[in-house]
Amino acid sequence: YMTGMMFRLIVGNEEGRSYIGECGMLPDDAISLLSYDDAFDVDRTDCVVHWMYGEEFFGSVPASMFTAFRFMLGDYGTLAGRSLVVAFEKGYGNRFRIPFVIWMVVVIFGIFNVITAVFVDATSSGLKLMGLKRKYARKYERTYVKHKLKALVTRLSAILSESKMGYSSEGTGVEMRTMRLEEFLVLLVDEEFNSLLQDLDIEIWDP
């Protein structure tokens, strides 16, 4: 709204006066009929092109706001493809140049940078959060595997001890030696042992 009001005050037509009505044609038609210099000379013609462009594109606050939005997107063209910026710069000189340059600097380096910073910050925060989640996941995975392996060894020792196969433990719970087939078959029928293997993504099947 403020941008529309600014351009309305700078290049808009006077209240109650219609430059297009006084000329009798649209500014694109007038600039085609008149010489380039005459089209912008207020003393030579009633069809002052930059005045008429101001009325056409900045004649009301809504129209001014929409045209200012077009300027933000880099669209400065008229219906015939002529540049509004060139016309206003030629007709109004520094009255248009200075506010327009300041406004474009604010838009390009201010508003757009803020919008870009918001997206960059959101992306960075998301990546940091994902990294933190991965860190905790790895830590949890190590703790989980350690706990399951300890439970597996404890259950292995208990099963073989109950089966009286000579697995007395000291520290780790199982002495290091090759397991016999009959010992392995005893383990396969134990539901708790098989559940611990599944928790560790270890599958045993009978081929």
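No experiment lies behind these values; they were computed from the predicted model shown.

## A look at the overall build of the protein chain
The helix and strand tally for the protein chain stands at ten helices and zero strands. Moving toward the C terminus, one meets the helices and strands of the protein chain in the order α-α-α-α-α-α-α-α-α-α. Expressed as a percentage of the 207 residues in the protein chain, the buried residues total 31%. In the protein chain, once contacts between residues fewer than 6 apart in sequence are set aside, the share between residues at least 24 apart is 56%. Entry remark: accessible area of the protein chain is about 13900 Å², with carbon and sulfur atoms responsible for 61%.

## Describing the packing of aromatic side chains
Inspection of the entire model under this criterion finds 14 aromatic pairs. Each ring, one from Tyr-76 and one from Phe-100, has its centre 6.1 Å from the other, and the planes form 70°; the classification is edge-to-face. Placement of Tyr-76 in the loop between helix H6 (61-72) and helix H7 (84-92) and of Phe-100 in helix H8 (residues 94-162) is noted, with a sequence separation of 24 residues between them. Since its relative accessible area comes to 24%, Tyr-76 is described here as partly exposed. Taking the relative accessible area as the measure of exposure, Phe-100 reaches 11% and is therefore buried. Chaining the aromatic ring pairs together yields one cluster made of Phe-7, Phe-58, Phe-71, Tyr-76, Phe-88, Tyr-92, Phe-96, Phe-100 and Trp-103.

## Remarks on the nonpolar core
As a rule of thumb, nonpolar side chains are buried together in soluble globular proteins. Among the nonpolar cores identified, the biggest contains 22 residues, and Phe-7, Tyr-53, Phe-71, Phe-88, Phe-96 and Phe-100 are the most heavily contacted of them. At the level of elements, helix H1 (2-11), helix H5 (49-58), H6, H7 and H8 are the ones that each hand at least two residues to this core. Ranked by size, the runner-up nonpolar core spans nine residues in total, among them Leu-152, Leu-156, Leu-196 and Leu-200.

## A short note on the environment of Arg-155
Within the element layout of this structure, Arg-155 appears in helix H8. Between the C-alpha atom of Arg-155 and that of Glu-192, which follows or precedes it by 37 residues, the distance is 7.8 Å. Other than its neighbours up to four places away in sequence, Arg-155 contacts Glu-162, Asp-190, Glu-192, Phe-193 and Leu-196.

## As for the confidence of the model for the protein chain
Across the protein chain, the average pLDDT comes to 78, with 87% of residues at 70 or higher. In the model, residues 167-174 has pLDDT below 50 throughout and makes 16 contacts with residues more than four positions away in sequence or in other chains.

Cut-off values and rules
Residues numbered from 1 in each chain as written. Predicted model: local features only at pLDDT ≥ 70, side-chain atom pairs only at ≥ 80, totals over all residues. Heavy atoms only, no water. Helix = DSSP H or I, 4+ residues; strand = E, 2+ residues; numbered from the N terminus. Buried < 20%, exposed > 50% of the residue type's maximum accessible area, 1.4 Å probe, protein only. Contact = heavy atoms within 4.5 Å. Areas by Shrake-Rupley, 256 points an atom, 1.4 Å probe, with all protein chains shown as cover. Phe/Tyr/Trp six-rings, centres within 6.5 Å; stacked < 30°, edge-to-face > 60°. Core = buried A, V, L, I, M, F, W, Y, C linked by side-chain atoms within 4.5 Å. pLDDT = per-residue confidence, 0-100.

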